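Structural overview
As a plain string of letters, each chain reads:
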Amino acid sequence: MLAVETSCDETAAAVVRDGREVVSSVVSSQIALHAVHGGVVPDLAARAHLEAIGPVVDEALAGLAGGWDDVDAVAVTRGPGLAGCLLVGALYAQSAAVARGLPMVGVSHMAGHVYSAWLSDPSLEPPYLALVVSGGHSDVVALRDHGDAVRLVSTRDDAAGEAFDKAARLLGLGYPGGPAIERSAAAGDPSRYPLPRTRVAGAMSFSGLKTALRYTVRDLGLTALTDEGTPRDPAVVHDLAASFQLAVVDQLLHSLATTADRVHATRIAVVGGVAANSALRAAVQQHFTGLPVTLPPLSLCTDNAAMIGAAGWQRLRRCGPDLPGIAVDPTLDEYA
Ligand code: KG4
Ligand code: ZN
């Protein structure tokens, strides 16, 4: 199966055999393009996908002796994501599938993240409980069976990744914020700035934490800040980054742990871009000593097409192919 993913700022293609064996996985990142703007610019992203999609698919197919002739099916992300970006991948995949007479399936990006755990761990089968933490989502999802997922917890406001990205901006660290905060936090003291832990029953929330960070920075006083309003002293930045990261990890672990208790989860997975965070990975591993925990490798945490191949293969098996002309859905709310 050839899988294509263009929902946000990575142009990705992968070849996955029988849902679980990654033959090739290629990701072309647009980070440099968007970094100067401090975030993803949708129109620029869609244009960059148009330029990259052909070469990225060619590179993914280079892993097959027969190239396109060895492809049996096509999967593509149809949502959620940026409309213009989704359209590039969906039109490319559908054109290729129609031209070659191949079955095609539209896949939810969030199902892809949930299935990245199944893809990375041959011993993992549903039911499992997944903490899904990305730039757009912070959810706890139970995959009860293939094709049967239920969201048990979500965020009331920002997603965890979005909170990392905004915090990085407040601290004058680069984009994307998650990796920048993690690098800075490694040299910091997480106990120096006490930041709040929001506790909302059955939900997550990061806006209070973000505001608290903003006020903590402001209260450093004008002389401690650059013209851009970020802290001058690198030690202060490191300590704030460490304090912020710990507060986010605390909140995510609390939500995951209380939900796992409530539903008597037997297996745990952490997926999505924020699952690349080593403090989160360590905290989850430390907490769930009695339960098997799946933490996909970093390359399967951040956006990639291999996870779309895994979710797409399951979907194709269960539901059969989609008809040509599948609509993209920027607000698609589906986890399997
Ligand atoms: O899953 P993903 O690649 O794209 C979306 O579906 O949104 O997640 C991207 C998010 C960004 O907000 C990024 O800052 C965050 O994941 N992220 C991290 C780390 N690596 C990426 N957050 C914390 N620590 C990291 N190491
Ligand atoms: Zn994602």
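Further up the page is the structure itself.
Since we're looking at a predicted model, the values are computed, not measured. (Residues numbered from 1 in each chain as written. Chains lettered and ligands numbered in written order. Predicted model: local features only at pLDDT ≥ 70, side-chain atom pairs only at ≥ 80, totals over all residues. Heavy atoms only, no water.)

Focus: the overall build of the protein chain
Within the protein chain, the regular secondary structure consists of 11 helices and 11 strands. By the compact-globule yardstick of 20 Å for 336 residues, the protein chain fits well, its C-alpha radius of gyration being 20 Å. Dimensions of the protein chain, computed from the C-alpha atoms along their principal axes, are close to 65 × 45 × 30 Å. Taking all 336 residues of the protein chain together, the buried fraction comes to 53%. (Helix = DSSP H or I, 4+ residues; strand = E, 2+ residues; numbered from the N terminus. Rg over C-alpha atoms; globule rule 2.2 N^0.38 Å. Buried < 20%, exposed > 50% of the residue type's maximum accessible area, 1.4 Å probe, protein only.)

Looking at the state of the cysteines
Inspection of every chain in the model, using the stated rule, returns 0 disulfides. Cysteine 8 takes part in no disulfide bond, and the closest cysteine sulfur to it belongs to cysteine 85, at a distance of 6.6 Å. Cysteine 8 provides the cysteine sulfur closest to cysteine 301, a residue in no disulfide bond, and the two sulfurs are 16 Å apart. On the basis of relative accessibility, which here comes to 0%, the residue cysteine 301 falls in the buried class. (Disulfide = S-S within 2.5 Å.)

As for the coordination of the zinc ion (ligand 2)
Protein-derived coordination of the zinc ion (ligand 2) comes from His109 (NE2), His113 (NE2) and Asp303 (OD), at a distance range of 2.0 to 2.1 Å. Histidine 109 sits in the buried class, given a relative accessible area of 6%. (Donors = N, O, S within 2.8 Å, 3.2 Å for Na, K, Ca; no water.)

Quick look at the packing of helix 8 (residues 234-262) against helix 9 (residues 278-287)
To characterise two packed helices, one gives the angle between the axes of the helices and the distance between these axes. One way to put it is that helix 8 packs onto helix 9 with a least axis distance of 10 Å and a crossing angle of 35°. Handedness of the crossing formed by helix 8 with helix 9: right-handed. Residues Gln245, Val249, Leu252, Leu253, Leu256 and Ala257 of helix 8 pack against Ala279, Leu280, Ala283, Val284 and His287 of helix 9. Residue composition of the contact of helix 8 with helix 9, grouped by class: 9 nonpolar, 2 polar and no charged. (Axes fitted to C-alpha atoms, helices over the stretch in contact; angles between N-to-C directions. Left-handed = near helix turned anticlockwise from the far one by under 90°. Contact = heavy atoms within 4.5 Å. Nonpolar A, V, L, I, M, F, W, Y, C, P; charged D, E, K, R; others polar.)

Overview of the packing of aromatic side chains
Under the criterion given, the structure shown has 2 aromatic pairs. Between tyrosine 115 and tryptophan 118, the ring centres sit 5.7 Å apart and the planes meet at 80°, which makes this aromatic pair edge-to-face. Taken together, the residues span about one helical turn, with tyrosine 115 and tryptophan 118 both in helix 4 (residues 109-120) at a distance of 3 residues. Residue class for tyrosine 115 comes out buried when judged on its relative accessible area of 1%. With centroids separated by 5.8 Å and ring planes inclined at 80°, the aromatic side chains of phenylalanine 164 and phenylalanine 244 adopt a geometry described as edge-to-face. You can see phenylalanine 164 sitting in helix 5 (residues 160-170) and its partner phenylalanine 244 sitting in helix 8, a full 80 residues away along the chain. Each of the two residues, phenylalanine 164 as well as phenylalanine 244, counts as buried. (Phe/Tyr/Trp six-rings, centres within 6.5 Å; stacked < 30°, edge-to-face > 60°.)

Quick word on helix 5
Along helix 5, the positions that sit buried rather than exposed are Ala160, Gly161, Ala163, Phe164, Ala167, Ala168 and Leu170. Where helix 5 is buried, its residues contact strand 6 (128-133), strand 7 (138-145), helix 6 (177-185), helix 7 (207-218) and helix 8. Two residues or fewer after helix 5 comes glycine 172, characterised by a positive phi angle close to 75°.

Observations concerning helix 2 (residues 42-61)
Across its 20 residues, helix 2 extends 27 Å between first and last C-alpha, which sits within 8% of the 28 Å expected from 1.5 Å per residue. Most pronounced at alanine 52, the bend in helix 2 amounts to some 45°, and the proline proline 55 follows within four residues. All of the buried residues along helix 2 are Ala45, Ala46, Ala48, His49, Ala52, Ile53, Val56, Val57, Ala60 and Leu61. Buried-residue contacts for helix 2 involve strand 1 (2-5), strand 2 (10-17), strand 3 (21-29), helix 1 (31-35) and helix 3 (83-100). (Expected span 1.5 Å × (residues − 1). Bend = angle between axes of the 7 residues up to and from the residue.)

Some remarks on the sheet that holds strand 4 (residues 74-79)
In space, the 5 strands of this open sheet follow the order 3-2-1-4-5, with mixed pairing throughout. Strand pairing shows two members of the sheet lacking a second neighbour, strand 3 and strand 5 (104-108), which therefore form its edges. Between one strand and the next, the sheet's axes are offset by a mean angle of 20°, whatever the strand orientation. Summarising the sheet, strand 4 and strand 5 pair through 5 bridges and their orientation is parallel. Considered in strand 5, the bridge of valine 74 is made with methionine 104. Helix 11 (residues 306-319) rests against strand 1, strand 2, strand 3, strand 4 and strand 5 of the sheet, and its axis sits at about 115° to strand 5. (Pairing = 2+ DSSP bridges.)

A word on the site of ligand 1
Close to ligand 1 lie 20 residues, the nearest being Gly135, Asp165, Gly178, Glu182 and Asp303. Taking glycine 161, its main chain carries an N or O atom lying 3.1 Å from an oxygen atom of ligand 1. Within the side chain of aspartate 165, an N or O atom sits 2.7 Å from an oxygen atom of ligand 1. If ligand 1 stood free it would expose 550 Å²; the protein chains cover 88% of that surface. (Near = heavy atom within 4 Å. Polar contact = N/O pair within 3.5 Å; in protein donor to acceptor, adjacent residues only side chain to side chain. Areas by Shrake-Rupley, 256 points an atom, 1.4 Å probe, with all protein chains shown as cover.)

As for the packing of helix 5 against helix 8
Here helix 5 crosses helix 8 at 170°, and the two axes come no closer than 11 Å. The angle between helix 5 and helix 8 falls in the class roughly antiparallel. Mapping the contact onto sequence places Ala160, Ala163, Phe164 and Ala167 in helix 5 and Phe244, Gln245, Val248 and Leu252 in helix 8. Taken together, the residues of the contact of helix 5 with helix 8 break down into 7 nonpolar, 1 polar and no charged. (Parallel < 35°, antiparallel > 145°, perpendicular 65-115°, else oblique.)

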